[in-house]
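# What the coordinates show
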Amino acid sequence: MACLLEAPLRISVLSEVTATSRHYVDRLFDPDPQKVLQGVIDMKNAVIGNNKQKANLIVLGAVPRLLYLLQQSSSSPELRTECAVVLGSLAMGTENNIKSLVDCHIIPALLQGLLCPDLIFIEACLRCLRTVFISPVTPVQLLYTDPTVIPHLMSLLSRSQRTQEYITQIFSHCCKTPEHQTVLFSHGAIQNIAPLLIYHSYKVRMQALKCFSVLAYENTQVSMTLVNVLVEGELLSQVFVRMMQRDQPIEMQLTAAKCLTYMCRAGAIRTDDSCVVLKALPCLVRMCSKEHLLEERVEGAETLAYLMEPDVELQRIASTTDHLVAMLADYFKYPSSVSAINDIKRLDHDLKHAHELRQAAFKLYASLGSNDEDIRKKITETENMMDRIVSGLSESSIKVRLAAVRCLHSLSRSVQQLRTSFHDHAVWKPLMKLLQNAPDEVLVMASSTLCNLLLEFSPSKEPILESGVIELLCGLTQSDSPALRVNGIWALMNMAFQADQKVKVEIVRSLGTEQLFRLLSDPDSNVLMKTLGLLRNLLSTRTHIDQIMSSHGKQIMQAVTLILEAEHSIEVKEQTLCILANIADGNAAKELIMTNDDMLQKIKHYMGHSNVKLQLAATFCISNLIWNEEDVQAVVNSDCAHKGSQERQDKLREMGFVDVLHKLTQASDPNLCDRAKTAMQQYLA
Amino acid sequence: LSFPEAATLKPACCGTTLPRSPCSSLQFTLLLIRGCHTAAIFSPQSLSLSAYSSSPLTRARSGNPEHELNERLKHLYPAVNEEETPLPRSWSPKDKYSYIGLSQNNLRVHYKGHGKNHKDAASVRATHPIPAACGIYYFEVKIVSKGRDGYMGIGLSAQGVNMNRLPGWDKHSYGYHGDDGHSFCSSGTGQPYGPTFTTGDVIGCCVNLINNTCFYTKNGISLGRVLISFYTLYQPNLYPTVGLQTPGEIVDANFGQQPFVFDIEDYMSEWRAKIHGMIARFPIGERLGEWQVVLQNMVSSYLVHHGYCATATAFARATETLIQEDQTSIKNRQRIQKLVLAGRVGEAIEATQQLYPTLLEHNPNLLFMLKCRQFVEMVNGTDSEVCCLSVRSPKSQDSYPGSPGLTPRHAAGNAHLHAAGADSPTCSNGVTPPAKSKSHGFTGGVKYASVSSSSASASSSTSSSPSSVNYSESNSSDSTKSQPHSANSTQETSDSEMDVEAEHYTNGVVEGSSARIMNGTYKHEEILQPDDNSIGNGVTNDSCSNGRQLCGGNQAATERMIQFGRELQMLNEQLCREYGKNTTHKKMLQDAFSLLAYSDPWNCPVGQQLDPTQRESLCSALNSAILVSQNLPKQPPLMLALGQATECVQLMARVRSGSCSFARVDNFLH
């Protein structure tokens, strides 16, 4: 035997490797089972740590043969185990190896192998499965195709420390969707894995912990169950707290903090619970510090951003913890100039993580600054912050761009920042550029930010208008995504607020009445609301009202009628009545209402509505109609106007509005009461 | 309280020479001595402060707040020696500005000035500075009321810093201020640091003496580092400090009286892990092999030093190292040590004189100490000069020819028999049988480290296997701990036909400047054959089984003791003449004689002397003296290294290197 081996080995050294590899494969076909076993063992020793050898064996077709031997019930248990070990070794190689193995249907074969009673064989199969499943190239779904697999894996958990380690590792890598979570949950993952959290082996504890973090992520059902789980009389949250102790390995602290974060976000733990405020949050802040690995810092920052996103109190606490805001500035210093000179390996490492670090920092800043003005101020005052955001907006990595625009959006909620730093750094320029050609998720964020930049008091509004934003926003209103439609129309609405006639005309022209009325029948009520808002902003100040109504009066009145007749929320109706009130404020436009008896009846109806807001809006409309204009346009056309108002008053009295108004002066709501009284005074005037 | 000279004993001694009325004369003696005894009662030993027990901290305990505070401080700062550097426990009523008022056991601070402007600021320091041995120190302050403007400052300051200021404004002071949330570092202008704080908030201040930083906390959340100047940290006196500036401001301190809001223990655990990691990963590099040889030599020399002859030989064989000292010499030393530890000091002296003729001549102090101890052992009834008198067996009296156990080979055959009965024939873990042939049955062999079982029957089964090391509470590392157990072990166990002999060994004594490290106290029990009684083992004493009596309750023995006392007194006078007065000797003699003043010497203020563990230090002194006379080191290198490490850590504390608190030697001794 030894002699036989000697010769081919020497050849391999001299000529090519394939010859020896061929020899190994040939031996798998020997009729003597003993020789086959020896062949597999020799193969095992030959492939360990030798990627080239692994690739050769795969090319030469060793895998199907090994799988055949593994599945044959006539094979001896030793042979089957050794086959699984060799396959596991092959899987340890490159991603291509894994692909080849998966293509050879290794997964079903190994899963089948788990049904064998022999524990050693099961462990070898699980080890190989683990290696295959933790690779990113393996389709996770393969674990779930056979519904009996998961329950069987659960039952194998108690067999040995190895089965525990491999199975939990498989679970933690293969639980990617809510469906996966549900499958694992319904097969008792929690009860089966919970005891492993206090197991003596660190590896097992760690994998069990990872399982819980992927199970609880955005899953209320799992999270709610987790809070009530006891491990040896101790609540799970307390077990996690212990795992976050500062002398524990960083990986464990971080994963335990993740578990608590997910449970908190899923609503299972209150945000003011001490295990969140005093433990998970400080732990995650700690992970952001310089002394940790770049990967840990990225993960820590992202998890922290997720934890405090909806809770302003947590944002406030985090902003004061360990100088977090200043600490994050360090995330932008990679690759550092020092590492570039000294250490090529380090530079490579830094470069790889630089994008990840930047986007994580932007995310965390976005989360920190989403509600509190003081925190936003603190962020913008951080060294070079605005410059960093501006350059982040035009980075090549889409992840960084998205995070940067999120951060910008969060900061744009501040009136003060809009007036100062946003203008100083001309953030609108890269923002506009970003809007030209970006994927939807970036567009949503960027257009939201634009909405804020177009607010009336924003100094950036003018330059943005000049850069042709109207076309762009009108384009957005035609998007398939409701979020983009809302943002587009919202931005137009903001733009139209107290705008020049020129801008308003441009908006109407660019949007087109057809599109405007299409938006008024949009299924998304947010879109409808903002479109009405746009109309209302367009129809302000008398001259603008008359001008627009003269060209689009018919369609607008039609649309208003439709909305008032249809089933809509109070807010929509209120907004519509406000538009009517604006129309009633126009000189010529008034007539469009006065001549429409149907509309007047509707107004009368809303004056008697049970909702005060609607009553108020309707009364406002009537008040505008009966208004005595002498103070405004007296010089030009006082006689005519006065005459007009007298006519309207008479008509409205005929229709019984005076009685309604009279009734309203007794209303309990003071605003409504006042409004009705003012209107009544017009009659007396 | 000065001792009225030992001369008082003289008439008493004369009196007791009367053979007819020893008892009455003894009473008379005792009366005389009692007068001078108060000195001993108030000796530092009997007043030793042992307020701090080492039991683990239990937070639930709410009984005694003082006790709880002590427990918590001990738990947080185990490396601090409070006798040397007390921890802050309250604000100092002396070290404060006049505008500061204190109440509630000096824990509550309130402002009582005008509070017009910053010139009315006032501070108070804690009673004691922060000891460097803390490594990491923490205290908290609760804002009870923010008063008019809430100008509170929490922080640190060195001694002598002006108290008419808020902490942080001056050199060597640091503070976090409530009104603006700024941190002041020895400067009148603060740096933006954290949030403001006000009524109801709990503010903490943590000093990290390892990385020279401090940080403040608000309601249990750390607010981030502040660097502390190197120079300030090396001030020997950095105090917890608070300052107030406007009327109505009230704050309460928590120096450990209550659990802290911030989890300081968690923070400490991180640093402990860091420092332990640093030690564990200390680079050895190429010198791995070298270190192994050093370690082997250390172990070997340790075994030799204490005379674990067979173990040392076996170890040397296994590791292929050489033993410096010759076998017989080791065995001789071991024999002498065993005699001392068994309380047979007289025999030990004689054996020493015989084997090392000039040793005691050159060490009169040692001789005196030995003799003093011999006297104590006579009281105890363990010294062969008295115990042979008290044993009824004629044989045993025969075997007392005036100079007991002079010849090593005297009763070899007999002893061998015992050894075979008790031990495995190989005797691998003790001393080879011929070596310990003594007429008083000092046989068997030291069973190295294998003996801890306290019952005779158990020891017979375990004693032969060296691997069955079984440490019980009473013979663990601290010699004081084993006292209660061992105090009576010599006397009480001999009530059956089995004779049990207990011995206590000090495994190693390091005489560092402050600490004596006993690496282990092993109790050795030896089983002798039932008929040993008739041979007359010295310790066997039937009368003792019912209660301890002076000199075993034997008249002749008592007389012998009195006579010996007189000789001892004479020796002292002689030494005084030759070398001048020696207060240590005087004290020793005084204490020894004081034993006679009580009817029950075992339960008296100086009864501690009778404790067998007291033999250990003497034993090791004698052993060291012998080794020195042979030109061998006084201490084994292992103990030297250990002592050096311990001393080094203490030195670190003195030079204010904080990491010492997490690098304690006992963390690494298991």
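Residues numbered from 1 in each chain as written. Chains lettered and ligands numbered in written order. Predicted model: local features only at pLDDT ≥ 70, side-chain atom pairs only at ≥ 80, totals over all residues. Heavy atoms only, no water.

Condition: UniProt positions are given in the numbering used here, feature names are shortened, and annotations may be inferred rather than shown by experiment.
By the naming in an unreviewed UniProt entry, chain B goes by RAN binding protein 10 and is assigned to Gasterosteus aculeatus aculeatus. Per UniProt, chain B has the following entry under Sequence similarities (unreviewed entry): "Belongs to the RANBP9/10 family."

Within an unreviewed UniProt entry, the label attached to chain A reads Armadillo repeat-containing protein 8, and the organism entered is Gasterosteus aculeatus aculeatus.

## Things to note about the overall build of chain B
The condition that has to hold: For the purposes of this entry, the term helix denotes a DSSP run of H or I that reaches at least four residues, the term strand denotes a run of E that reaches at least two, and both are numbered from the N terminus. Note on classification: 1.4 Å probe, protein chains only; a residue is buried when its accessible area is under 20% of the maximum for its type, exposed when over 50%, partly exposed between these limits. The contact rule is simple, with two residues in contact once any of their heavy atoms fall within 4.5 Å. Computed by Shrake-Rupley with a 1.4 Å probe, the accessible areas treat only the displayed protein chains as cover when residues are assessed.
In terms of helices and strands, chain B carries 23 helices and 16 strands. Burial analysis of chain B (670 residues in total) assigns 54% to the buried set. For chain B, restricting intrachain contacts to residue pairs at least 6 apart in sequence, the fraction spanning at least 24 positions comes to 67%. Here chain B has roughly 29,400 Å² of accessible surface; of this, 56% comes from carbon and sulfur atoms.

## Some remarks on the overall build of chain A
To keep things clear, this is the line we draw: In this treatment the radius of gyration is a C-alpha quantity, and the globule benchmark scales as 2.2 Å times the residue count to the 0.38 power.
If you tally the helices and strands in chain A, you get 44 helices and two strands. Its C-alpha radius of gyration of 35 Å places chain A more than 25% over the 26 Å reference for a compact globule of 685 residues. Seen through its principal axes, chain A has C-alpha atoms that stretch 125 × 55 × 45 Å. Here chain A, with 685 residues, has 55% of them falling under the buried criterion. Within chain A, contacts between residues at least 6 apart in sequence are counted, and of these 67% link residues at least 24 apart.

## Structural notes on helix α36 (residues 525-538) of chain A
Residues and elements named next belong to chain A. Heads up, the rule is: Helices are assigned an expected span. That span is 1.5 Å times one less than the residue count. Pairing of N or O atoms within 3.5 Å defines a polar contact, subject to two protein rules: one partner must be a possible hydrogen donor and the other a possible acceptor, and residues neighboring in sequence count only if both atoms are side-chain atoms.
Its 14 residues give α36 an end-to-end C-alpha distance of 20 Å, which sits within 8% of 20 Å, the value for a rise of 1.5 Å per residue. All buried positions along α36 are accounted for by Val-527, Leu-528, Lys-530, Thr-531, Leu-532, Gly-533, Leu-534, Leu-535, Asn-537 and Leu-538. Buried positions along α36 lie against α33 (482-496), α34 (501-511), α35 (513-520), α37 (542-565) and α38 (570-585). Where α36 begins, the capping side chain belongs to Asp-524, and its oxygen is found 2.8 Å from the backbone nitrogen of Asn-526.

## A look at the environment of Leu-571 of chain B
Residue and element names in this part refer to chain B. Examined against the element boundaries, Leu-571 turns out to sit in helix α20 (residues 555-579). Placed 236 residues apart in sequence, Leu-571 and Arg-335 show a C-alpha to C-alpha distance of 26 Å. Beyond its immediate stretch of four places on either side in the chain, Leu-571 contacts Phe-368 and Lys-371.

## A short note on the sheet that holds strand β3 (residues 108-111) of chain B
All names here are of chain B. The criterion, for reference: For two strands to be treated as a pair, DSSP must find no fewer than two bridges joining them. With axes taken as lines fitted to C-alpha atoms, and helix axes fitted only over the stretch in contact, angles between N-to-C directions fall between 0 and 180 degrees.
The sheet built from seven strands is open, its strands ordered β2-β3-β14-β5-β10-β11-β12 with antiparallel pairing. Of all the strands in the sheet, the pair left with one neighbour each is β2 (100-103) and β12 (221-227). Looking at each pair of strands side by side, their axes are set apart by 25° on average, direction ignored. Relative to strand β10 (residues 202-208), strand β5 (residues 136-146) is paired through seven bridges, and the arrangement is antiparallel.

## Some points on the interface of chain A and chain B
Cut-off, in case you're wondering: Here's the idea: put two parts together, see how much 1.4 Å probe accessible area each one loses, and the total over both is what we call buried area. Salt bridges, as used here, are contacts in which a Lys or Arg side-chain nitrogen is within 4 Å of a carboxyl oxygen on Asp or Glu. Polar here means any residue outside two lists: the nonpolar Ala, Val, Leu, Ile, Met, Phe, Trp, Tyr, Cys and Pro, and the charged Asp, Glu, Lys and Arg; Gly therefore counts as polar.
Contacts between the two partners involve 14 residues from chain A, matched on the other side by 17 residues from chain B. Of the roughly 1,300 Å² buried between chain A and chain B on both sides combined, carbon and sulfur atoms contribute 49%. The largest per-residue losses of area from chain A upon contact with chain B belong to Arg-246, Thr-320 and His-323 of chain A, which jointly make up 44% of the total buried on that side. Taken together, the links from chain A to chain B amount to four salt bridges. We note a salt bridge from Lys-279 of chain A to Asp-266 of chain B, for which the minimum N-O separation is 3.8 Å. For the pair chain A and chain B, the number of links is seven residue pairs in polar contact (both at pLDDT 80 or more). Counting only elements with at least two residues in the side of chain A that touches chain B, the list comes to α18 (274-287) and α20 (312-320) of chain A. Per element, the largest residue contribution to the side of chain A that touches chain B is five residues, and it comes from α18 of chain A. Residue composition of the side of chain A that touches chain B, grouped by class: four nonpolar, four polar and six charged.

## Some points on unusual backbone geometry
Positioned with a positive phi, His-105 of chain A is a non-glycine residue whose angle comes to about 60°. Along the polypeptide, His-105 of chain A turns up in the loop between α7 (95-103) and α8 (106-113). One non-glycine residue, Ser-186 of chain B, lies in the positive phi region at around 55°. The topology assignment puts Ser-186 of chain B in the loop between β8 (182-185) and β9 (191-192). We classify Ser-186 of chain B as partly exposed; its relative accessible area is 27%.

## Concerning the sheet that holds strand β7 (residues 173-177) of chain B
On the basis of which strands lie adjacent, the open sheet formed by seven strands has the order β1-β4-β13-β6-β7-β8-β9 (chain B) and antiparallel pairing. Single-partner strands in this sheet number two, and they are β1 (91-96) and β9 of chain B.

## Quick word on the pairing of β5 of chain B
Consecutive residues of a regular strand have side chains that alternate between opposite faces of the sheet. Here β5 of chain B pairs with strand β14 (residues 249-254) of chain B via six bridges, running antiparallel. Opposite Glu-140 of chain B, over in β14 of chain B, you have Asn-254 of chain B as the bridge partner.

## Looking at the packing of helix α19 (residues 294-308) of chain A against helix α23 (residues 344-368) of chain A
All names here are of chain A. Counted only if it meets this: Throughout this description, any angle smaller than 35 degrees is read as roughly parallel, any larger than 145 degrees as roughly antiparallel, any in the 65 to 115 degree range as roughly perpendicular, and the remainder as oblique. Helix crossings get a hand from a simple test, with the near helix turned counterclockwise from the far one by less than a right angle marking a left-handed crossing and a clockwise turn marking a right-handed one.
Orientation of α19 relative to α23, taken along the N-to-C sense of each, is 20°, at an axis distance of 8 Å. Classified by the angle their axes make, α19 and α23 are roughly parallel. Viewed along their axes, α19 and α23 form a crossing whose handedness is left-handed. Contact residues: α19 offers Leu-294, Glu-295, Arg-297, Val-298, Ala-301, Glu-302, Leu-304, Ala-305 and Met-308, while α23 offers His-349, Asp-350, His-353, Glu-356, Leu-357, Gln-359, Ala-360, Lys-363, Leu-364, Ser-367 and Leu-368.

## A few points about the nonpolar core
Which entries qualify depends on this criterion: What we call a nonpolar core is a set of buried Ala, Val, Leu, Ile, Met, Phe, Trp, Tyr and Cys residues that are connected through their side-chain atoms within 4.5 Å.
Formed by 242 residues in total, the largest nonpolar core has its most connected members in Phe-240, Leu-580 and Ile-603 of chain A. Beyond its immediate stretch of four places on either side in the chain, Phe-240 of chain A contacts Leu-197, Leu-209, Phe-212, Ala-256, Cys-259, Leu-260 and Met-263 of chain A. If you look at the next biggest cluster of nonpolar residues, it comprises 66 residues, including Leu-69, Tyr-111, Tyr-193 and Phe-255 of chain B.

## Focus on the pairing of β8 of chain B
Residues and elements named next belong to chain B. Bridge count for β7 against β8 is three bridges, and the pairing is antiparallel. Each bridged residue has a counterpart across the sheet, and for Tyr-176 the counterpart in β8 is Ser-183. Hairpin geometry of β7 and β8 is characterised by an intervening segment of four residues between the two adjacent antiparallel strands and by a positive phi of about 70° at Gly-181. Pairing geometry for β8 and β9, over two bridges, is antiparallel. The partner of Ser-183 across the bridge, within β9, is Gln-191. Counted between consecutive antiparallel strands, the loop separating β8 from β9 contains five residues, among which Ser-186 sits at a positive phi close to 55°.

## Focus: the packing of helix α32 (residues 469-476) of chain A against α33 of chain A
Residue and element names in this part refer to chain A. For the pair α32 and α33, interaxial distance at closest approach is 7 Å and the crossing angle is 145°. The hand of the α32/α33 crossing is left-handed. In contact with Val-469, Ile-470, Leu-473, Cys-474 and Leu-476 of α32, α33 contributes Leu-484, Arg-485, Gly-488, Ala-491, Leu-492 and Met-495. Of the residues that constitute the contact of α32 with α33, the class distribution is nine nonpolar, one polar and one charged.

## Things to note about the UniProt feature "repeat: ARM" (unreviewed entry) in chain A
Residue and element names in this part refer to chain A. Per the UniProt record, "repeat: ARM" (unreviewed entry) is found at residues 61-97 and 511-553. Annotated as 76% helix and 0% strand, the span residues 61-97 places its first and last C-alpha atoms 12 Å apart. Helix makes up 81% of residues 511-553 and strand 0%, with an end-to-end C-alpha separation of 16 Å.

## Section: the pattern of salt bridges
Applying the stated criterion across every chain, the model contains 42 salt bridges over all chains. Across the pair Arg-246 of chain A and Glu-270 of chain B runs a salt bridge whose closest N-O atoms are separated by 2.6 Å. Of the two residues, Arg-246 of chain A sits in the loop between α16 (236-243) and α17 (250-265) while Glu-270 of chain B sits in helix α6 (residues 264-280), which places them in two different chains. Close ionic contact of Glu-506 of chain A with Arg-509 of chain A constitutes a salt bridge, the shortest N to O distance being 3.0 Å. Of this pair, Glu-506 of chain A and Arg-509 of chain A both sit in helix α34, three residues apart, roughly one helical turn.

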